[in-house]
Amino acid sequence: MQKNEKILKAVMNGEYNDVLISYYGEDKMYDNKMRYEEALTVFGQIYDFKRECRIYSIPYSVLLAGDGADVAIPTDKDFICVAADNGTNISRIRCRDHLGEDNIDLYAHGPYSMESEFTIGVIRGVQQAFLEKGYRRISGIDMYIDCDTLPSFGLDEPAHLATAAAYIINDMAFNGERTEKELAEVVQWALANHIMVDSYATDVYASLRGVAVTGDFTDADAEVITEITPDLKGNSLYVVTVGETDIDIEEEEVDGRLDALMAKLGTEIETLTEKDFYEKLAEMEEVDKEAGLFLMDYFTQENFGVIYAENAVEGMGSPSVETTKEIEKESAGGAVKWHCKPRGTCWMVLCCVCEEAKPAFETAMKKLYGEDCLEKLNVARKGASRVID
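Parameters at a glance
Residues numbered from 1 in each chain as written. Predicted model: local features only at pLDDT ≥ 70, side-chain atom pairs only at ≥ 80, totals over all residues. Heavy atoms only, no water. Helix = DSSP H or I, 4+ residues; strand = E, 2+ residues; numbered from the N terminus. Rg over C-alpha atoms; globule rule 2.2 N^0.38 Å. Contact = heavy atoms within 4.5 Å. Salt bridge = Lys/Arg side-chain N within 4 Å of Asp/Glu carboxyl O. Buried < 20%, exposed > 50% of the residue type's maximum accessible area, 1.4 Å probe, protein only. Core = buried A, V, L, I, M, F, W, Y, C linked by side-chain atoms within 4.5 Å. Phe/Tyr/Trp six-rings, centres within 6.5 Å; stacked < 30°, edge-to-face > 60°. Expected span 1.5 Å × (residues − 1). Axes fitted to C-alpha atoms, helices over the stretch in contact; angles between N-to-C directions. Parallel < 35°, antiparallel > 145°, perpendicular 65-115°, else oblique. Left-handed = near helix turned anticlockwise from the far one by under 90°. Nonpolar A, V, L, I, M, F, W, Y, C, P; charged D, E, K, R; others polar. Lys, Arg positive; Asp, Glu negative; His and termini not counted. Disulfide = S-S within 2.5 Å.

**What about the overall build of the chain?**
And then number 1: Secondary structure assignment for the chain yields eleven helices and twelve strands.
And then number 2: For the chain, whose C-alpha radius of gyration is 21 Å, the value lies close to the compact-globule estimate of 21 Å for 389 residues.
And then number 3: On the principal axes, the C-alpha backbone points of the chain span a range of 65 × 50 × 45 Å.
And then number 4: In the chain, once contacts between residues fewer than 6 apart in sequence are set aside, the share between residues at least 24 apart is 78%.

**A closer look at the pattern of salt bridges**
And then number 1: Taken as a whole and judged by the stated rule, the model has 28 salt bridges.
And then number 2: With a shortest N-O distance of 2.8 Å, Arg257 and Asp288 are connected by a salt bridge. A residue pair is termed long-range when its members are at least 10 positions apart, and Arg257 in helix 8 (residues 251-265) and Asp288 in the loop between helix 9 (274-283) and helix 10 (289-311) qualify at 31 residues.
And then number 3: Classification of Arg257 by relative accessible area gives partly exposed; the value is 22%.
And then number 4: Asp288 sits in the partly exposed class, given a relative accessible area of 23%.
And then number 5: With its nearest N and O atoms 2.9 Å apart, the salt bridge here joins Lys275 to Glu279.

**Concerning the nonpolar core**
And then number 1: With 53 residues, the main nonpolar core has Phe79, Val126, Phe130, Ile145 and Ile168 as its most contacted residues.
And then number 2: Contributions of two or more residues to this core are made by strand 2 (52-64), strand 3 (70-85), strand 4 (90-95), helix 4 (119-132), strand 6 (141-146), helix 5 (158-174), helix 6 (180-195) and helix 7 (202-209).
And then number 3: Sequence-distant contacts of Ile168, that is, excluding residues within four places in its chain, are made with Tyr56, Ile58, Phe79, Cys81, Ala83, Ile141 and Met143.

**Some thoughts on the packing of aromatic side chains**
And then number 1: Scanning the model with the defined rule gives 13 aromatic pairs in all.
And then number 2: Between Tyr56 and Tyr167, the ring centres sit 6.1 Å apart and the planes meet at 80 degrees, which makes this aromatic pair edge-to-face. Placement of the pair is Tyr56 in strand 2 and Tyr167 in helix 5, with a sequence separation of 111 residues. Exposure class is identical for Tyr56 and Tyr167. Each is buried.
And then number 3: Measuring from ring centre to ring centre gives 6.4 Å for Tyr278 and Phe299, while their planes differ by 45 degrees; the resulting arrangement is tilted. On the criterion of sequence distance, the pair formed by Tyr278 in helix 9 and Phe299 in helix 10 is long-range, its members being 21 residues apart.
And then number 4: On the basis of relative accessibility, which here comes to 0%, the residue Tyr278 falls in the buried class.
And then number 5: Phe299 sits in the buried class, given a relative accessible area of 6%.
And then number 6: Through a chain of ring-to-ring contacts, the aromatic side chains of Tyr238, Phe277, Tyr278, Tyr298, Phe299 and Phe361 assemble into a single cluster.

**Section: helix 5**
And then number 1: Between its first and last C-alpha atoms helix 5 spans 23 Å; for 17 residues at 1.5 Å apiece the expected length is 24 Å, and the two agree.
And then number 2: Within helix 5, 17 of the 17 residues are buried, which leaves the element mostly enclosed by the surrounding structure.
And then number 3: Phi turns positive, to about 55 degrees, at Asn175, one or two residues after helix 5.

**Quick word on the packing of helix 1 (residues 4-12) against helix 3 (residues 26-47)**
And then number 1: Direction vectors running N to C along helix 1 and helix 3 enclose 160 degrees, while the axes themselves pass 10 Å from each other. When the axes of helix 1 and helix 3 are compared, the pair comes out roughly antiparallel. Crossing of helix 1 over helix 3 shows left-handed handedness. Taken together, the residues of helix 3 that come into contact with helix 1 (itself represented by Asn4, Ile7, Leu8, Val11 and Met12) are Lys33, Tyr36, Glu37, Leu40, Thr41, Phe43 and Gly44.
And then number 2: For the contact of helix 1 with helix 3, the per-class residue count stands at seven nonpolar, three polar and two charged.

**Observations concerning the side chain of Lys33**
And then number 1: Note that Lys33 resides in helix 3.
And then number 2: Buried charged residue Lys33 carries no salt bridge. Nearest counter-charge: Glu37, at 4.3 Å.
And then number 3: Residue contacts for Lys33: discarding those within four places in its chain leaves Val11, Met12, Gly14, Asn17 and Leu20.

**Concerning helix 3**
And then number 1: A rise of 1.5 Å per residue sets the reference length of helix 3, with its 22 residues, at 32 Å; its end C-alpha atoms lie 31 Å apart and thus fit the reference within 8%.
And then number 2: The positive-phi residue at the C-terminal boundary of helix 3 is Asp48, with phi of around 100 degrees.

**Quick look at the state of the cysteines**
Where two cysteines share a covalent bond between their sulfur atoms, that bond is called a disulfide.
And then number 1: Enumeration according to the criterion identifies zero disulfides in this entry.
And then number 2: Looking at the unpaired Cys373, the closest cysteine sulfur is the one in Cys351, lying at 9.5 Å.
And then number 3: The class for Cys373 is buried, based on a relative accessible area of 3%.

**What about the environment of Ala162?**
And then number 1: Mapped onto the elements of the fold, Ala162 is located in helix 5.
And then number 2: In this structure Ala162 comes out as buried when scored by relative accessible area, which is 0%.
And then number 3: Each C-alpha atom of the pair Ala162 and Val187 lies 5.6 Å from the other, and the pair is 25 residues apart in sequence.
And then number 4: Those residues in contact with Ala162, other than ones at most four positions away along the chain, are Val122, Val126, Val187 and Leu191.

Written as structure tokens, this is what we have:
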């Protein structure tokens with residue numbers, strides 16, 4: 001490992017430009033270079049520029065599940081983390097756009113009820129999953145995270161954060177000895193017991209490998225993970241920054257607002273092509289943005305279905321993991337120290353758009369959410385990895 005200040009200077013001087021291009025491509029290199037510089041700077045300010053550290057990247061994967069084997073496609077939108085072992089039993093976690101610092105004690109097991117919707121619950125869950133499975137060489141890690149997919153923030157993907165935490169702990173504590181299967185089991189156990197959500201194993205494999213995969217779990221003890229070159233059938237993936245948009249709406253209110261928006265569209269959503277929908281959305285003077293997001297998701301799910309049908313194979317998707325731990329009452333030692341944006345507040349959404357609708361989609365999104373609201377995702381160039389050591 002190198003000292004933080006040495007890595008930061010090298011990144012600023014362009015010594016890692018070729019490395020960043022290999023991860024993100026030339027068109028996204030500069031923006032990601034700024035991310036790395038900021039992450040290293042903040043880590044140094046908090047934990048000392050003299051600290052030896054590593055920088056990790058873990059791609060965000062889009063999971064498609066259906067009647068056969070799961071399909072997962074990793075993207076070039078990634079989680080980056082500057083991390084260093086601190087030699088204690090306390091992990092200290094900070095993150096861009098979050099207040100304060102989480103202190104997670106390896107011996108305060110949880111799960112705690114207050115943490116189930118927060119980043120701290122994911123990290124604690126992953127730490128405890130390693131211990132639960134008998135992997136005992138863990139010590140505390142200092143982390144500074146730059147990510148748009150934290151739970152209760154951004155794309156609301158705790159599986160991405162859990163995969164990243166599992167990979168980083170495996171690298172720092174076990175020199176990468178834990179297998180992909182073991183890490184997938186760690187992620188599923190952590191999310192089932194600490195975040196109380198079902199999750200899949202297939203997207204963990206895709207993020208770790210950096211290639212699209214199908215996952216057939218017909219035999220749970222001998223799953224079949226097959227790498228594929230995904231056929232997106234002309235669809236493209238976008239992340240849309242929509243601002244502080246509340247989608248945690250009561251069902252009765254949602255129905256009324258959807259009816260009102262469809263009345264303005266002049267027809268039921270099922271009778272519109274995707275292109276027609278976005279053209280009409282762009283032409284409206286006033287749009288109920290929350291209702292619009294629900295209708296946008298209708299077309300996204302339709303396109304996901306097309307991609308899944310093209311890429312899935314016969315088999316069974318990854319089974320859910322049962323919760324085995326009882327929720328504990330919150331204690332002072334387990335209390336949340338930072339304030340994630342509350343679950344249900346949607347700051348970014350993932351959209352899948354067919355070829356014919358792309359121009360109308362981009363026009364509509366820029367009108368509703370601003371010129372800089374769109375980020376087009378590509379298939380990942382790299383899997384989970386230590387970018388700089």
